[in-house]
Amino acid sequence: MSGSRPVIGRFAPSPSGRMHLGNIFTAVLSWLSVRKRGGKWILRIEDLDPQRSKPEHAEAIEDDLRWLGLDHDEGGLDNLGDNGPYAQSQRHELYAEALGRLKRAGTVYPCFCRRADIMATQAPHQSDGRIVYAGTCRPADMPVKFTEPERPHSIRIAVPDKEITFTDRVYGQQQCNPAEQCGDFVLQRADGAWSYQLAVVVDDAAMGVTEVVRGSDLLLSSVQQICLYEELGFDVPEFSHVPLVVNADGVRLSKRDTGESMAQMRIGHTPDQILGAVGYMACLTDRPQPATIATLLDRFSWDKIPRQMTVTACRP
Ligand code: GLU
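Quick summary incoming for the structure in this document.

### Side note on helix H1 (residues 21-36)
An α-helix turns once every 3.6 residues. As a result, residues three or four positions apart point the same way. Here H1 is 16 residues long and its end C-alpha atoms lie 22 Å apart, about the 22 Å a rise of 1.5 Å per residue gives. Looking one or two residues beyond H1, the residue adopting positive phi is Gly-38, at roughly 65 degrees.

### A look at the packing of helix H6 (residues 196-206) against helix H7 (residues 219-232)
Across the interface, H6 lies against H7 with an axial gap of 10 Å and an inter-helix angle of 60 degrees. The pairing of H6 with H7 is recorded here as oblique in orientation. Of the two possible hands of crossing, H6 and H7 adopt the one that is right-handed. Two secondary-structure elements touch here, H6 through Tyr-196, Gln-197, Leu-198, Val-200, Val-201, Asp-204 and Ala-205 and H7 through Ser-221, Gln-224, Gln-225, Leu-228, Tyr-229 and Leu-232. Split by residue class, the contact of H6 with H7 holds 8 nonpolar, 4 polar and 1 charged.

### Let's talk about the site of the ligand
In the vicinity of the ligand, the contacting residues are Arg-10, Ala-12, Pro-13, Ser-14, Glu-46, Tyr-196, Val-200, Arg-214 and Leu-218. For the ligand, an oxygen atom lies 2.8 Å from a polar atom in the side chain of Arg-10. One nitrogen or oxygen atom from the main chain of Ala-12 is found 2.8 Å from a nitrogen atom belonging to the ligand. Burial of the ligand by the protein amounts to 77% of the accessible area it has alone, namely 300 Å². Split into classes, the residues belonging to the shell around the ligand amount to 5 nonpolar, 1 polar and 3 charged.

### Topic: the packing of aromatic side chains
Taken as a whole, this structure holds 4 aromatic pairs when the rule is applied. Between the aromatic rings of Phe-166 and Phe-239, the centroid separation amounts to 5.4 Å while the plane-to-plane angle is 70 degrees, which identifies the pairing as edge-to-face. Of this pair, Phe-166 sits in strand E6 (residues 164-168) while Phe-239 sits in strand E10 (residues 238-242), and the two are 73 residues apart along the sequence. Accessibility classification places Phe-166 together with Phe-239 in one group, the buried group. Ring centres 5.2 Å apart and planes at 80 degrees place the aromatic pair Phe-300 and Trp-302 in the edge-to-face group. The pair formed by Phe-300 and Trp-302 is uniform in burial state, with each residue classed as buried. Above the face of the Phe-112 ring, Arg-151 is positioned so that its terminal group lies 4.0 Å from the ring centre. Geometry around Tyr-133 places Arg-156 over its ring, the cationic atom sitting 3.6 Å from the centre.

About the thresholds
- Residues numbered from 1 in each chain as written.
- Predicted model: local features only at pLDDT ≥ 70, side-chain atom pairs only at ≥ 80, totals over all residues.
- Heavy atoms only, no water.
- Helix = DSSP H or I, 4+ residues; strand = E, 2+ residues; numbered from the N terminus.
- Expected span 1.5 Å × (residues − 1).
- Axes fitted to C-alpha atoms, helices over the stretch in contact; angles between N-to-C directions.
- Parallel < 35°, antiparallel > 145°, perpendicular 65-115°, else oblique.
- Left-handed = near helix turned anticlockwise from the far one by under 90°.
- Contact = heavy atoms within 4.5 Å.
- Nonpolar A, V, L, I, M, F, W, Y, C, P; charged D, E, K, R; others polar.
- Near = heavy atom within 4 Å.
- Polar contact = N/O pair within 3.5 Å; in protein donor to acceptor, adjacent residues only side chain to side chain.
- Areas by Shrake-Rupley, 256 points an atom, 1.4 Å probe, with all protein chains shown as cover.
- Phe/Tyr/Trp six-rings, centres within 6.5 Å; stacked < 30°, edge-to-face > 60°.
- Buried < 20%, exposed > 50% of the residue type's maximum accessible area, 1.4 Å probe, protein only.
- Lys NZ or Arg CZ within 6 Å of the ring centre and 35° of its normal.

Structure below.
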């Protein structure tokens, strides 16, 4: 996978609110992994959703990371580095160029299905309730010559009917047939908005990212992304999914869990207290004691990260 390329990692938050302990958990592990191997860390702002993304949240994210001592080499609000801009809302041309290539290759097709129709007519996936698109608009023979219809349409990629395997550094060997478990997925919505899957692959490839660290909820997304890496001829990065942080009720942290929000945690806590809680949750330390980032770096190893899908929040 990454071979002898220099190690480049990234943290790619959506600026839809203040970060919580779960976001910090991912950020810290991503930063440690990169720094352990002398690599570079990119801060990319995933602000494709104009309704939910706010510049003040992006500013707070950067400020919180700096306060914790998680410095970045590229990206952020001042667009440090040569691979910018580092906010997805400013990278439309790159996504359009990639989609243009897929249209010319004939691996994408227009889809007229509305979300409500898909939800109403297709059974949710047995294991986790996902809806797998049944391929209603997929042409009988792929690849096809793409022609742009006049009616509003989204654009889907035809995924291959074959097993895709990859080794996640936390969860081990993963195997999945995207045709059965994901279905053809949207790259551009009918309103022109780019999908997360397309944007993240184009950006990770353009920024030379060699390792992707993110929450375990995106494990299956990696399979969709590998399909795109292959179609676009990009090198596939290494994937490390990390447990989602849940509250005492076992529910994934959200903006409503104010006690675990950085806004709250920064009042009355030092960075080392928060880092200590993260280090303990990540099994890098034995006790939830304050820890410096240098201590966590010293103790960091992917082998220690818990392999369950969730970890319970440990308040600093
Ligand atoms: N923007 C995504 C999030 O905040 C992260 C996606 C990724 O790291 O690939 O959940």
